[in-house]
Amino acid sequence: MRKNLLDFSYEELVEEFAKLGLEKFRVDQVWDWIYKKKVFNFDEMTNLSKEQRNALGERFFIGIPELIDMQVSKIDKTTKFLWKLEDGNTIESVLLFHPDRVTACISSQVGCPAKCAFCATGQSGYVRNLTAGEITAQIIAMEKERKVNIGNIVYMGMGEPLLNYEEVVKSVRILNHKKSKNISMRRISISTVGIPEKIIDLAKDLPEVKLAISLHAPTNFKRDIIVPMNKKYSVEEIIHAAKEYQKITKNRVTFEYILIREFNDYVDDAEKLADLLKGMGAYVNLIPVNPVPSTGDIKMERPHHWMIERFKEVLDKRNIENEIRKEKGTDIDAACGQLRRRYTTKA
Ligand code: SAH
């Protein structure tokens, strides 16, 4: 059976190519076609001989997903993609446009086992991990589709990256490799629901990659209600791991905090959050919830404007760096997993 060439690291490909009698520089050439020129077909790789192209085509395919749908925001160009994978499963990716750069938000799993109460991805179940190639393919497929050069990557799409640890790490290394996209580790962020031992592994394996932790509540009592995984890994264990992570990497850690009306938007929550994070190099991203039908008892509504401001003021006063996340793509199905769900429920 043919294998997805995108699933191989540079070193692995050098070995694979050697079996076909192809020298190392042939890997450089093929990677250049794929990651720089966005040519996804061996026949168009004109600096290889016909025989070499045939040999590669017999052994490999280049696993670019099929574009099923694309929504472009009229407000800020935010572009959301729905892709179909080789096995028919679908995943989403998003492009976000900033004045000086383009950021890609990519998926690491089909669906998600974490099943957070506010997240559309978890609500449609968990199917499987993505391979490293299925992760990196989202980047080059978006670049080709929209003719852009992606400068920043966030693993914040569908899925829990640290539950697909090996493939996620491999995909980061491939995207960072100087013969492929050459994206700096510092321009890559991984967002996690909080899996303590994997956070420590990440500190050791990819110390320059940025870490974001989806905290969303300052106490186990509240976090248990919206993040089911909290019953396995408590707030204290996550904060402890974040501090260990920081000792190893010296990186600032971002904490994401979804603000939900009359649930976790009180001054008392902000004070408790500040207590948890004080003394750490922490940065809090305050995210007014994107309304989705909730699975639990909590209604997923945005807090009143003044509640958001008051929450921020408490953090400011306590010297916890923070910002209220500016929304993008509000006119398209913005929340994670919404585009895919629209398709799976229609089908
Ligand atoms: N599993 C990882 C990455 C995917 S979620 C994690 O938990 O971090 C990426 C971010 O999108 C998280 O901070 C998540 O909480 C946020 N998100 C999911 N649903 C949302 C919604 N309805 N409104 C606002 N943010 C949401």
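Remember, it's a predicted structure, so these values are computed and weren't measured experimentally.

## Thoughts on the pattern of salt bridges
And step 1. What the rule picks out here adds up to 20 salt bridges.
And step 2. Taking the shortest distance from any N to any O, the salt bridge between Lys80 and Glu92 comes out at 3.2 Å. Here Glu92 lies in strand 5 (residues 90-97) and Lys80 lies in strand 4 (residues 79-84), a separation of 12 residues in the sequence.
And step 3. For Glu92, a relative accessible area of 3% puts it in the buried group.
And step 4. Between Arg325 and Glu256 there is a salt bridge, with its nearest N and O atoms 3.4 Å apart. Of this pair, Arg325 sits in the loop between strand 14 (321-324) and helix 12 (338-346) while Glu256 sits in strand 12 (residues 253-259), and the two are 69 residues apart along the sequence.
And step 5. Among the residues examined, Glu256 registers a relative accessible area of 4% and is labelled buried.
And step 6. Beyond isolated ion pairs, a larger network of salt bridges with shared partners links Glu16, Lys19 and Arg59.

## Structural notes on the domain arrangement of the protein chain
And step 1. Taken domain by domain, the protein chain comprises domain 1 (3-61) and domain 2 (66-346).
And step 2. For domain 1 and domain 2, the distance between their C-alpha centres works out to 33 Å.
And step 3. Contact residues are listed per partner, giving 17 residues for domain 1 and 17 residues for domain 2.
And step 4. In this assembly, domain 1 packs against domain 2 so that about 1,400 Å² is buried in total across both faces, 62% of it on carbon and sulfur atoms.
And step 5. For domain 1, the biggest contributors to the area lost against domain 2 are Asp7, Tyr35 and Lys38; these three give 39% of the whole.
And step 6. Taking the shortest distance from any N to any O, the salt bridge between Asp28 and Lys179 comes out at 3.2 Å.
And step 7. Taken together, domain 1 and domain 2 are joined by eight residue pairs in polar contact (both at pLDDT 80 or more).
And step 8. When residues of the side of domain 1 that touches domain 2 are traced back to their parent elements, those giving at least two are helix 1 (10-19) and helix 2 (24-36).
And step 9. Looking at the side of domain 1 that touches domain 2 residue by residue, the classes come out as eight nonpolar, two polar and seven charged.

## Here we look at the environment of Asp268
And step 1. Note that Asp268 resides in helix 10 (residues 267-277).
And step 2. Looking at Asp268, the relative accessible area reads 43%, which means it is partly exposed.
And step 3. Along the primary structure Asp268 and Phe311 are separated by 43 residues, whereas in three dimensions their C-alpha atoms are 9.0 Å apart.
And step 4. Separated by 2.7 Å, the side chains of Asp268 and Lys272 make a polar contact.

## Here we look at unusual backbone geometry
And step 1. Residues other than glycine seldom take positive phi values, yet Asn182 does so here, at roughly 55°.
And step 2. Note that Asn182 resides in the loop between helix 6 (165-176) and strand 10 (188-192).
And step 3. With a phi close to 55°, Glu262 is a non-glycine residue in the positive phi region.
And step 4. Here Glu262 is to be found in the loop between strand 12 and helix 10.

## Concerning the packing of aromatic side chains
And step 1. Counted under the stated rule, the structure contains six aromatic pairs.
And step 2. Their ring planes at 85° and their centres at 5.6 Å tell us that Phe8 and Phe60 sit as a pair that is edge-to-face. Of the two residues, Phe8 is situated in the loop between strand 1 (3-4) and helix 1 and Phe60 in strand 2 (residues 60-61); the sequence distance between them amounts to 52 residues. The two residues Phe8 and Phe60 agree in class, both being buried.
And step 3. With 6.2 Å between their ring centres and 40° between their planes, Phe17 and Phe60 make a pair best called tilted. With Phe17 in helix 1 and Phe60 in strand 2, the pair connects residues that are 43 residues apart, well separated along the chain.
And step 4. Taking the relative accessible area as the measure of exposure, Phe17 reaches 0% and is therefore buried.
And step 5. Through pairs of rings, three or more aromatic residues link up here, namely Phe8, Phe17 and Phe60.
And step 6. Of note, Lys37 hangs over the ring of Trp33, and the distance from its end group to the ring centre comes to 4.3 Å.
And step 7. The ring of Phe263 is capped by Lys222, whose NZ or CZ atom sits 5.8 Å from the centre of that ring.

## Focus: the packing of helix 7 (residues 196-205) against helix 9 (residues 235-249)
And step 1. Relative orientation of the contacting elements helix 7 and helix 9 amounts to 10°, with a least axis distance of 9 Å. The orientation of helix 7 with respect to helix 9, classified from their angle, is roughly parallel. Across the interface between the two elements, Pro196, Ile199, Ile200, Ala203 and Lys204 of helix 7 pack against Glu237, Ile238, Ala241, Glu244, Tyr245, Ile248 and Thr249 of helix 9.
And step 2. Each residue belonging to the contact of helix 7 with helix 9 can be placed in one class, and the counts come to eight nonpolar, one polar and three charged.

Procedures and definitions
Residues numbered from 1 in each chain as written. Predicted model: local features only at pLDDT ≥ 70, side-chain atom pairs only at ≥ 80, totals over all residues. Heavy atoms only, no water. Salt bridge = Lys/Arg side-chain N within 4 Å of Asp/Glu carboxyl O. Helix = DSSP H or I, 4+ residues; strand = E, 2+ residues; numbered from the N terminus. Buried < 20%, exposed > 50% of the residue type's maximum accessible area, 1.4 Å probe, protein only. Domains from an automatic or database assignment. Contact = heavy atoms within 4.5 Å. Buried area = accessible area lost by both parts, 1.4 Å probe. Polar contact = N/O pair within 3.5 Å; in protein donor to acceptor, adjacent residues only side chain to side chain. Nonpolar A, V, L, I, M, F, W, Y, C, P; charged D, E, K, R; others polar. Phe/Tyr/Trp six-rings, centres within 6.5 Å; stacked < 30°, edge-to-face > 60°. Lys NZ or Arg CZ within 6 Å of the ring centre and 35° of its normal. Axes fitted to C-alpha atoms, helices over the stretch in contact; angles between N-to-C directions. Parallel < 35°, antiparallel > 145°, perpendicular 65-115°, else oblique.

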